[in-house]
Amino acid sequence: MPLIYKPRWSLTTKLIVTSALVEAVLLGFLVWNNTTLTQARLTKQKQEEITEFAKFVSSTLAAALLRHDDMEIQEITAQLVKSPKLSYVAIKSPTDNIIAQAGTHNDTYFEGQDFLSYARTVSYTDAYLLVIPLQKNNIALGKLQLEFITRDINSLAKEVKNQGIVNALIILVVTVIVLYLLLSALTKSIKHLNTAMTEYIDHHQVNTPIFHSDDEVGTLGKTFDNLINTIRHGEDALKESKDFVQAILDNSPTVIYAKDMAGRYLLANKQFTRLLDANVEQILGKTDFDLFPHNVAKQFHDSDQNVLATRSMKKYEQLIPNGNDLKIYITTKFCLFDKHDRASAICGISTDISDRIRSEQRLKESEENLRSLANNAIDGILVNKKGKHVFTNQRMADMLNTTVEDILGTDQDFVLHPDEKNNVTQRFQRRLKGQNEPIQYETLFIDRKSGEPVPVELTAFICQWDGEPSGVVFVRDITDRKKTEAELKRYREQLEQMVSERTSELESAIRELESFSYSVSHDLRSPLRSIDGFSQLIMDDYRDRLDEQGIEYLTRVRKSAQRMAQLIDDILLLSRVSRHKLALTTVDLSKIATESVATLKELQNDRIVHVTIEPNMSARGDHRLLSIVMNNLLDNAWKYTGLIEQATIECGCKRENGKAIYFVADNGSGFDMQYAEKLFGPFQRLHGTDEFPGTGIGLATVKRIIDRHGGKVWAESQPGKGATFFFTLEPSSDNVSESKDL
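If you're wondering where the values come from, they're calculated on a predicted model, not measured in any experiment. Residue numbers here run from 1 along each chain, matching the order of that chain's written sequence. Local features in this predicted model are restricted to residues of pLDDT 70 or higher, and side-chain atom pairs are both shown and tallied only at a pLDDT of 80 or more, whereas totals for entire chains, interfaces and linings draw on every residue. Side-chain numbers here rest on the full set of heavy atoms in the structure, without hydrogens or water.

S.K.: Can you walk me through the overall build of the protein chain in this structure?
M.R.: Helix and strand labels come from DSSP, where a helix needs a run of H or I of at least four residues and a strand needs a run of E of at least two; each type is numbered from the N terminus. Broken down by element type, the protein chain carries 18 helices and 22 strands. Looking at the protein chain as a whole, 35% of its 742 residues are labelled buried. Two residues form a contact once any of their heavy atoms are found within 4.5 Å. Contacts spanning at least 24 positions in sequence make up 53% of the contacts within the protein chain whose residues lie at least 6 apart. A total accessible area of about 46,300 Å² is found for the protein chain, and carbon and sulfur atoms account for 54% of it. Burial status follows relative accessibility: with a 1.4 Å probe on protein chains alone, a residue under 20% of its type maximum counts as buried, one over 50% as exposed, and anything between as partly exposed. Throughout, the Shrake-Rupley method with a 1.4 Å probe supplies accessible areas, and for residues the shown protein chains are the sole cover considered.

S.K.: Even after reading the chapter, I still don't get the nonpolar core, so can you show me in this structure?
M.R.: In this description, a nonpolar core means a group of buried Ala, Val, Leu, Ile, Met, Phe, Trp, Tyr and Cys residues linked to one another through side-chain atoms lying within 4.5 Å. Residues Leu589, Met630, Leu633, Tyr662, Val664, Phe725 and Phe727 are the most contacted members of the largest nonpolar core, which totals 37 residues. For this core, the secondary-structure elements that each account for two or more residues are helix 16 (589-603), helix 17 (623-640), strand 18 (647-656), strand 19 (659-666), helix 18 (698-708), strand 20 (713-717) and strand 21 (723-727). Ranked by residue count, the leading element in this core is helix 17, at nine residues. Not counting residues within four places of it along the chain, the set of residues in contact with Leu589 comprises Met617, Ser618, Ala619, Leu626, Met630 and Tyr662. Formed by 22 residues, the second largest nonpolar core is a distinct cluster that contains Leu86, Val89, Leu134 and Phe148.

S.K.: Where do I start with the packing of helix 17 against helix 18 in this structure?
M.R.: Describing two packed helices takes the angle between their axes plus the distance from one axis to the other. Axes here mean lines fitted to C-alpha atoms, for a helix over just the part in contact, with angles spanning 0 to 180 degrees between N-to-C directions. Running from amino to carboxyl end, helix 17 crosses helix 18 at an angle of 145 degrees, the nearest separation of the two axes being 9 Å. At the point where helix 17 passes helix 18, the crossing takes the left-handed sense. On the side of helix 17, the interface is formed by Leu625, Ile628, Val629, Asn632, Leu633 and Asn636, while helix 18 contributes Gly698, Leu699, Thr701, Val702, Ile705 and Ile706. All amino acids are sorted into three groups, where Ala, Val, Leu, Ile, Met, Phe, Trp, Tyr, Cys and Pro are nonpolar, Asp, Glu, Lys and Arg are charged, and the leftover types, Gly among them, are polar. When the residues that make up the contact of helix 17 with helix 18 are grouped by side-chain class, the tally is eight nonpolar, four polar and no charged. Note on convention: near helix rotated counterclockwise from far helix by under a right angle means a left-handed crossing. Clockwise means right-handed.

S.K.: Before we go on, may I ask you to explain the sheet that holds strand 20 in this structure?
M.R.: The strands that make up a sheet are held in pairs by hydrogen bonds between backbone atoms, and each pair lies either parallel or antiparallel. Any two strands are treated as partners once DSSP identifies two or more bridges connecting them. Spatially, five strands are ordered 16-18-19-21-20 in an open sheet, and the strand pairing comes out mixed. Each edge of the open sheet carries a strand with a single partner, namely strand 16 (609-613) and strand 20. In this sheet, adjacent strand axes meet at a mean angle of 20 degrees when their direction is disregarded. Where strand 18 meets strand 19, eight bridges bridge the pair, whose relative direction is antiparallel. The residue of strand 19 that forms the bridge with Cys653 is Tyr662. Each of strand 16, strand 18 and strand 19 touches helix 16; the most contacted strand, strand 16, lies at about 165 degrees to it.

S.K.: Would you explain the packing of aromatic side chains in this entry?
M.R.: Within a pair of aromatic rings, the relevant descriptors are the distance that separates the centres and the angle that separates the planes. To pair, rings of Phe, Tyr and Trp, with the six-membered ring standing in for Trp, must have centres within 6.5 Å; the planes then decide the type, stacked if under 30 degrees apart, edge-to-face if over 60, and tilted in the middle. According to the stated counting rule, one finds seven aromatic pairs in the structure shown. With 5.5 Å between their ring centres and 45 degrees between their planes, Tyr257 and Phe272 make a pair best called tilted. Here Tyr257, found in strand 5 (residues 255-260), pairs with Phe272, found in helix 6 (residues 270-276); they are 15 residues apart in sequence, far enough to count as distant. Look at Phe272 and you get buried, because its relative accessible area is 2%.

S.K.: Is there a simple way to think about unusual backbone geometry in this case?
M.R.: Keep in mind that most residues, glycine aside, have a negative phi and that most peptide bonds are trans. The backbone of Asn401 shows a phi angle near 60 degrees, a positive value even though the residue is not glycine. On the secondary structure map, Asn401 appears in the loop between helix 11 (394-400) and helix 12 (404-407). Although it is not a glycine, Asn616 adopts a positive phi angle of roughly 55 degrees. For Asn616, the position within the fold is in the loop between strand 16 and strand 17 (618-622).

S.K.: Help me understand a nonpolar patch on the surface in this model?
M.R.: The patches reported here contain residues having more than 30% relative accessible area and no salt bridge. Joining distances are 9 Å for like charges and 5 Å for nonpolar side chains (Val, Leu, Ile, Met, Phe, Trp, Tyr). A pairing counts as a salt bridge when a side-chain nitrogen of Lys or Arg comes within 4 Å of a carboxyl oxygen of Asp or Glu. On the surface, Val166, Ile170, Val174 and Val178 cluster together into a nonpolar patch covering about 310 Å² of accessible area. By the element assignment, Ile170 lies in helix 4 (residues 151-203).

S.K.: For this particular structure, what's the right way to read helix 2 (residues 70-81)?
M.R.: For an α-helix, 3.6 residues make a turn, and residues three or four places apart therefore share a direction. Helix span, as expected, comes to 1.5 Å for every residue beyond the first. In this model helix 2 runs 17 Å from its N-terminal to its C-terminal C-alpha over 12 residues, within 8% of the 16 Å that 1.5 Å per residue would give. Looking at helix 2, one finds that the buried residues are Ile73, Ile76, Thr77 and Leu80. Angularly, the buried residues of helix 2 cover 100 degrees about the axis, an arc narrow enough to put them on a single face. Facing away from the buried side of helix 2 by over 90 degrees, the exposed positions are Met71 and Glu75. The arc in question is traced by the directions running from the helix axis to the C-beta atoms.

S.K.: Which parts of the structure should I look at to understand the environment of Gln135?
M.R.: Mapped onto the elements, Gln135 comes out in strand 3 (residues 127-136). Beyond its immediate sequence surroundings of up to four residues, Gln135 is in contact with Ala62, Ala140 and Leu141.

S.K.: Before we go on, may I ask you to explain the sheet that holds strand 9 (residues 343-352) in this structure?
M.R.: A sheet is described by the order of its strands in space; here five strands give the open sequence 6-5-9-8-7, paired in antiparallel fashion. Sheet topology places strand 6 (265-268) and strand 7 (314-322) at the edges, where each strand pairs with a single neighbour. Strand-to-strand twist across the sheet, computed as the mean angle between neighbouring axes with direction ignored, equals 25 degrees. Bridging between strand 5 and strand 6 involves three bridges; their strand directions are antiparallel. Across the sheet, residue Lys259 finds its bridge partner in strand 6, namely Tyr265. On the sheet, helix 9 (residues 294-310) packs against strand 5, strand 7, strand 8 (325-337) and strand 9 and is oriented at approximately 165 degrees with respect to strand 7.

S.K.: Please clarify how helix 16 should be interpreted in this entry.
M.R.: Taking 1.5 Å per residue, 15 residues should reach 21 Å; helix 16 reaches 21 Å between its end C-alpha atoms and fits that length. Inspection of helix 16 places Leu589, Ser590, Ile592, Ala593, Ser596, Val597 and Leu600 among the buried residues, and these make up the whole buried set. Mapping the buried residues of helix 16 onto a view down its axis gives an arc of 160 degrees, with all of them on the same face. Helix 16 presents Lys591 and Glu602 as exposed residues on the side facing more than 90 degrees away from its buried surface.

S.K.: Would you mind going over the side chain of Ser470 with me for this structure?
M.R.: Relative to the helices and strands, Ser470 resides in strand 14 (residues 468-477). A relative accessible area of 1% places Ser470 in the buried class. Here the side chain of Ser470 touches Glu468 through a polar contact of 3.3 Å, landing on its backbone oxygen. Leaving out residues up to four positions away in the same chain, Ser470 has contacts with Val383, Asn384, Lys385, Phe461, Ile462, Cys463 and Trp465. Two N or O atoms count as a polar contact when they lie within 3.5 Å, although within protein this holds only if one can serve as hydrogen donor and the other as acceptor, and sequence-adjacent residues are included solely when both atoms are side-chain atoms.

S.K.: What is the right way to look at the pairing of strand 5 in this model?
M.R.: Remark: a regular strand shows side chains that alternate across the two faces of the sheet. Among the six residues of strand 5, six are classified as buried, and the element is accordingly described as predominantly covered. Judged by which residues are buried, strand 5 turns out to be covered on both faces: Val255, Tyr257 and Lys259 on one side and Ile256, Ala258 and Asp260 on the other are all buried. The pairing of strand 5 with strand 9 spans six bridges and is classified as antiparallel. Looking at strand 9, one finds that Asp260 is bridged to Ala345. In this antiparallel pair of consecutive strands, strand 5 and strand 6, the connection spans four residues, and Gly263 shows a positive phi of 90 degrees.

S.K.: Would you mind going over the pattern of salt bridges with me for this structure?
M.R.: Pairing is possible between side chains that carry opposite charge, provided their charged atoms lie close to one another. Under the definition given, this model contains 18 salt bridges. Note that Glu442 is salt-bridged to Arg481, the shortest N-O span being 2.9 Å. In this pair, Glu442 sits in strand 12 (residues 440-446) while Arg481 sits in helix 14 (residues 479-541), placing the two residues 39 residues apart along the sequence. The exposure class assigned to Glu442 is partly exposed, which follows from its relative accessible area of 37%. Residue Lys482 pairs with Glu442 through a salt bridge whose shortest N-O separation is 2.6 Å. Of the two residues, Lys482 sits in helix 14 while Glu442 sits in strand 12, which places them 40 residues apart along the sequence. Classification of Lys482 as partly exposed rests on a relative accessible area of 31%.

Have a look at this one:
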């Protein structure tokens, strides 16, 4: 709490306020006096002006009255009221009858009163009425009433007053500023000293500079500096000592605390605050019953009382809750004594052993689990350190037809078959040296009772065992596998022989079938060509001898012969497709489709078909076979749109789930989807030959080519609404030759 008295107003403020009040009174008097003098001067000037004007007007009107010239009187009256100085003019007869008047009369004033007396009496009103007797040669001719406008005196007086007030305010503000600057400079040293003292008392530090001049204030500042430096040196030494002790306590890995005789905490280090998740201020002054559950606090209290009663050091193992966990501490407690050897406090040092206890428990469980795992493993396990087996499992003992105890302490000669000793030893030595050596290989162990070799598969690696590099080997008995491999080898050899024999027979049968197919096709083509040719000759040479029915019969014979020839060609094509070995390359389907459509247009140039082909459409496959696919599908679309007036065909590609799906769509006759499965079978047709010609082999050929490419082909259609044929291509590399050219 500050000890320095702080007045409500500073010395500078008091001096400035006092000076400002005095100057305000003086300036107010000056403004009032200046306004009064200005009004008096203006009033006097106005009176002189009115007097001169009245003399001039009265002499002029007296002459006109004497002549009884009413017109001149009216004209003079009208001219007078136009003056900005007058608001009302009236000429009266000696009997107060109005002879002439002009303007607006505001009020009635007493006659015979001069303007100066009037102005003082009525406090400078806006108008003044002057009554002047009119006479000539001592003959009373009448009266002249002139009402003068005097508001200009008031306006000018107000302007003078307002300007005086503004000037007074400016002078007052300038004076206050000048006084503030002068007094601030004069009292700056005192303020700095006062601020510095306040800073040190409140915050134990001085940020405000103190002026060291040669006057009394400067001397006081020097004395204050010396006093502050002396106090600081003492505080720094005390703080350094305190910080040194506190740093030791806070950086200690143990919990350190001290309590008074009533159990209130006097000291707590950072480890204690972390334990309670609180700051020091929340701990100091509290008891164990304020900070811990009652049962834990009771345990701490009883141990404290035991230490106080025995006045000796005690050790306790304590469980302290920490959130949802329990911490295990070893606590050492002892008393602190005052100069009279009386116990004044209890100090405690607690070490967290939770992790160590848990680690020991986990290590024990891990060893038990490892031992159980090793003993129940299907593979044998051997650990060899410095040439001796230091660990093995029961499976290893069973494999060698011996016991675990017999294996432990032996070297590798005990387990290895003599024929494999050198190989395994060399592998192990190279692995110990860090050389690149396969970690898995096959070798032979020995049956300790029969002496027979035991074929095993070893998986070996280097690990640390009791702090030293050791070899660890997993051993798998492969006796059954070796027997199975031998049996499989025998079966494989038999199978390869059978496949070779059957392949030879199949190749011979295929060659015979090909020879037969070509022979049949050749033998069939000759009579078909003869039938077609002779039918044509009969039609040409004997047309005049045949009736229409005979000509029709010959036409049918020719068509049947031609269809039979086409059927033979399609069957041969279908067989060649099945035997053709794929030569994969990137095929430009757009180019193939464009060429196919161009050919169709040349053959039937009388048809108008709108064809859309997606550009840059490519696929991976056999160029010749994919050309057959595109030609067949486009030929079908061209054929089945033959009865449509505005035929359209679209050839394109779309993607679904990253897979390319190619399609050929038309708006032709279409078909019923319940017969869709028949489309791709040989000789299957959904339309008669008289309606749409064909052999029924084309789509079967398409399906066989797509199947060979590992793809899929299907169709979607509605009768009278066209059809769309889709296909995918996923060519396999099996039995395929890579080629760019066919």
